[in-house]
Amino acid sequence: MRQSFKRLLIAGMLGCWITASLVGCSSEHHDSFSGEVISDVVIPDGSAETEWDTGSRGETAVVPMKAIVTEYGAYQQTAGYDNLTTDSAQNLYHLLEEAVYTIGTEQNANGYYYLGKVTVFGESLSEETIKLAITAFKNDHPEIFWISNVYGRGYQNGNTIVQLYSYVSSEECNRKIKTLETALKEITEEMVSDQSEYQRELAAFQAVVERCGYDSETASGKEKKWQSYTAYGALVDGSAVCEGYSRAMQLLLNTLNVECRLVNGVAGNTNHMWNLVKIEGEWYHLDATWNDQQEVVLYDYFNLTDEMIRQDHEIAPELSSMTQETLSYYMEKGTPYNFTLPQCTAEKYCYLKRNGLSLETFGDGESRRIISSLQETAERHGEAAYFYVSDQIDFDMVLNRLFKGRSPKILSYIDGANRQYGIPQINREQIRYISNETMRSVTVMLTYR
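Given the structure is predicted, the values throughout are model-derived calculations rather than measurements. (Residues numbered from 1 in each chain as written. Predicted model: local features only at pLDDT ≥ 70, side-chain atom pairs only at ≥ 80, totals over all residues. Heavy atoms only, no water.)

1. Points about the overall build of the protein chain
In step 1: The helix and strand inventory of the protein chain stands at 14 helices and 20 strands.
In step 2: For the protein chain, the proportion of its 449 residues judged to be buried stands at 58%.
In step 3: Relative to all contacts within the protein chain whose residues are 6 or more apart in sequence, the contacts with residues 24 or more apart total 70%.
In step 4: Of the roughly 19400 Å² that the protein chain leaves accessible, carbon and sulfur atoms contribute 44%. (Helix = DSSP H or I, 4+ residues; strand = E, 2+ residues; numbered from the N terminus. Buried < 20%, exposed > 50% of the residue type's maximum accessible area, 1.4 Å probe, protein only. Contact = heavy atoms within 4.5 Å. Areas by Shrake-Rupley, 256 points an atom, 1.4 Å probe, with all protein chains shown as cover.)

Rendered as structure tokens:
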């Protein structure tokens, strides 16, 4: 996807010169489960069972990831399962819970390792039912990162056979599971005790963006790394696209007993994924990917309402609103859809409205408050100051007052902050900012003398 931010560079003390350029955020979502069927495992009804079970694959067990113990407990995600409306889909979901922990010792012709074979006796499940069950399972289990994006299905003697695949061998999978465990422990051990849900969400987000960078090569199609679509890629490899960011946020927040779900949609005419997070009983949108594609971490998309996120994101339709025909079409085309989503209407924990420097009047009282906040930022050597522009004031006028003219207000704010003795001095000679009119935000990047 493509989103435009305006960045301006201001240098000098009196005669400021300004250059402007457009900076883009590019994200691409690899559908969480496209359900591509690969022909080497699809068997017609009545074909020989030996085509599925030749005895040559071997099987090795995968050791599940140990529960990371924190003082907050943990949240067991079941939103995907809860949205499966038939006994058949729920039964397949439960069968997958066991199958994914067995990986064959040999690769097939496509380079994948066989996971445990699943047989649903006495039923011929539709392709839609199979895909829904697998998608629900993957959405509920971000810690299970090795499932590939293809599957096999077949029908025999009135039974349904489903075959999933692993990207890696059982030996490599066990190593990666332990490495992911270590990463989660390192993050959670740094958490301050007795934090609120909002504080845990903020700490988890900062841990993800600190560890992870956006994988533009995979997003652009120049390179395809399966890890970049997983929590493992984000938290261990340090590289992910939007799906990897979203699954990492879900895994980490659920570990900290904060409910977090996945959201599918479209942004910038491209499929996209982000999160819903439940804080004190209210739901919010969090797009970690779009907050982490600049030189500085942004908070423009941290805890938004439905109305706010829809300014530049399109939330995909929910399964409950779709006919069977529409669902089949969506699945065939790889068009994103959602299970049931809770409404997001609260603004209490919207980061910019809660923590940003509100700009509305440019009066003396507002100036004193901004100067005081800049001093606090300087004391902790903060990398940026975050402004939220009230919708009661013209956005372009704010940018002009802050950064243009003979006496830009941002310089007077910095001069005021620098008058406090004993704190790092903000460098006024080079002030850069990122503005987002859609979210009414201005992020000022700070350096120090």
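2. Here we look at helix α4 (residues 170–189)
In step 1: For α4, which comprises 20 residues, the first-to-last C-alpha distance of 28 Å matches the rise-based estimate of 28 Å (1.5 Å per residue) to within 8%.
In step 2: Listing the buried residues of α4 in full gives Ser-170, Cys-173, Asn-174, Lys-176, Ile-177, Leu-180, Glu-181, Ala-183, Leu-184, Ile-187 and Thr-188.
In step 3: Elements in contact with the buried residues of α4: β4 (59–61), β5 (102–107), α5 (197–211), α7 (231–237) and α8 (242–255). (Expected span 1.5 Å × (residues − 1).)

3. Describing the packing of aromatic side chains
What characterises a pair of aromatic rings is the spacing of the ring centres plus the angle enclosed by the ring planes.
In step 1: Applying the stated criterion across every chain, the model contains 22 aromatic pairs.
In step 2: Look at Tyr-198 and Phe-302: their rings are 6.3 Å apart centre to centre, the planes differ by 90 degrees, and that puts the pair in the edge-to-face class. Taken together, the residues Tyr-198 in helix α5 and Phe-302 in strand β15 (residues 302–304) connect sequence positions 104 residues apart.
In step 3: Residue Phe-302 is classed as buried on the basis of its relative accessible area, which comes to 0%.
In step 4: Grouping aromatic residues by their ring pairs yields a cluster made of Tyr-198, Phe-205, Tyr-284, Tyr-299, Phe-302, Tyr-349, Tyr-351 and Tyr-386. (Phe/Tyr/Trp six-rings, centres within 6.5 Å; stacked < 30°, edge-to-face > 60°.)

4. Some remarks on the nonpolar core
Taken as a class, soluble globular proteins show a tendency for nonpolar side chains to be buried jointly.
In step 1: Of all hydrophobic cores here, the largest spans 93 residues; its most connected members are Leu-92, Val-100, Trp-146, Leu-164, Phe-205 and Tyr-299.
In step 2: The element that contributes the greatest number of residues to this core is α5, accounting for eight residues.
In step 3: Sequence-distant contacts of Leu-164, that is, excluding residues within four places in its chain, are made with Leu-96, Val-100, Tyr-113, Tyr-114, Leu-115, Ile-134, Ile-147 and Tyr-151.
In step 4: Within the second largest apolar cluster, 29 residues are counted, among which are Leu-399, Leu-402, Tyr-433 and Tyr-448. (Core = buried A, V, L, I, M, F, W, Y, C linked by side-chain atoms within 4.5 Å.)

5. Some words on the sheet that holds strand β16 (residues 314–315)
In step 1: Strand order across the open sheet formed by five strands is β15-β14-β13-β12-β16, with antiparallel pairing between neighbours. Edge positions in the sheet fall to β15 and β16, since each of these pairs with one other strand and no more.
In step 2: Strand direction decides the pairing type here: strand β12 (residues 260–267) and β16, joined by two bridges, are antiparallel. Its bridge partner lying in β16, Gly-265 is registered against Ile-315.
In step 3: Along the sheet, α8 makes contact with β12, β13 (270–279) and β14 (282–286), crossing β13 at roughly 15 degrees. (Pairing = 2+ DSSP bridges. Axes fitted to C-alpha atoms, helices over the stretch in contact; angles between N-to-C directions.)

6. Things to note about the pattern of salt bridges
In step 1: Per the counting criterion, the structure on display carries 14 salt bridges.
In step 2: Glu-295 is paired through a salt bridge with Arg-432; the nearest N and O atoms lie 2.7 Å apart. With a gap of 137 residues between them, Glu-295 in the loop between β14 and β15 and Arg-432 in strand β19 (residues 430–436) connect regions that are remote in the sequence.
In step 3: Judged by relative accessible area, Glu-295 falls into the partly exposed class, the value being 46%. (Salt bridge = Lys/Arg side-chain N within 4 Å of Asp/Glu carboxyl O.)

7. Here we look at the packing of helix α13 (residues 395–403) against helix α14 (residues 409–418)
In step 1: Contact geometry for α13 and α14: axes closest at 4 Å, N-to-C directions at 50 degrees. Comparing their axes, α14 and α13 come out oblique. Between α13 and α14, the contacting residues are Arg-401, Leu-402 and Phe-403 on the first element and Lys-409, Ile-410 and Tyr-413 on the second.
In step 2: The residue makeup of the contact of α13 with α14, split by class, is four nonpolar, no polar and two charged. (Parallel < 35°, antiparallel > 145°, perpendicular 65-115°, else oblique. Nonpolar A, V, L, I, M, F, W, Y, C, P; charged D, E, K, R; others polar.)

8. Points about α8
In step 1: Taking 1.5 Å of rise per residue, 14 residues should cover 20 Å, and α8 covers 20 Å from first to last C-alpha, within 8% of that figure.
In step 2: Among the 14 residues that make up α8, 14 are buried, leaving the element largely enclosed by the rest of the structure.
In step 3: The first or second residue beyond α8 is Asn-257, which carries a positive phi of 65 degrees.

9. Topic: the packing of α5 against α8
In step 1: In the contact formed by α5 and α8, the axes pass within 10 Å of each other and the chain directions differ by 135 degrees. The orientation of α5 relative to α8 falls into the category oblique. For α5 against α8, the interelement crossing comes out right-handed. Contacts between α5 and α8 involve Arg-200, Glu-201, Ala-204, Phe-205, Ala-207 and Val-208 on the former and, on the latter, Tyr-245, Ala-248, Met-249, Leu-252 and Leu-253.
In step 2: Grouping the constituent residues of the contact of α5 with α8 by class yields nine nonpolar, no polar and two charged. (Left-handed = near helix turned anticlockwise from the far one by under 90°.)

10. Some points on the pairing of β14
In step 1: Along β14, four of the five residues are buried, which leaves the element largely enclosed by surrounding structure.
In step 2: Judged from the five bridges that link them, β13 and β14 form a sheet pairing that is antiparallel. By the bridge assignment for β14, Leu-276 is matched with His-285.
In step 3: Between β13 and β14, which follow one another and run antiparallel, lie two residues, and Glu-280 among them has a positive phi close to 50 degrees.
In step 4: Looking at chain direction, β14 and β15 are connected through two bridges and run antiparallel. Paired with His-285 across the strands is Leu-304, a residue of β15.

11. Some points on the environment of Cys-260
In step 1: Secondary-structure assignment places Cys-260 in strand β12.
In step 2: For Cys-260 and His-285, which are 25 residues apart along the polypeptide, the C-alpha to C-alpha distance reads 9.8 Å.
In step 3: In contact with Cys-260, not counting residues within four places along its chain, are Gln-77, Met-249, Gln-250, Leu-253, Asn-254, Asn-275, Leu-276 and Val-277.

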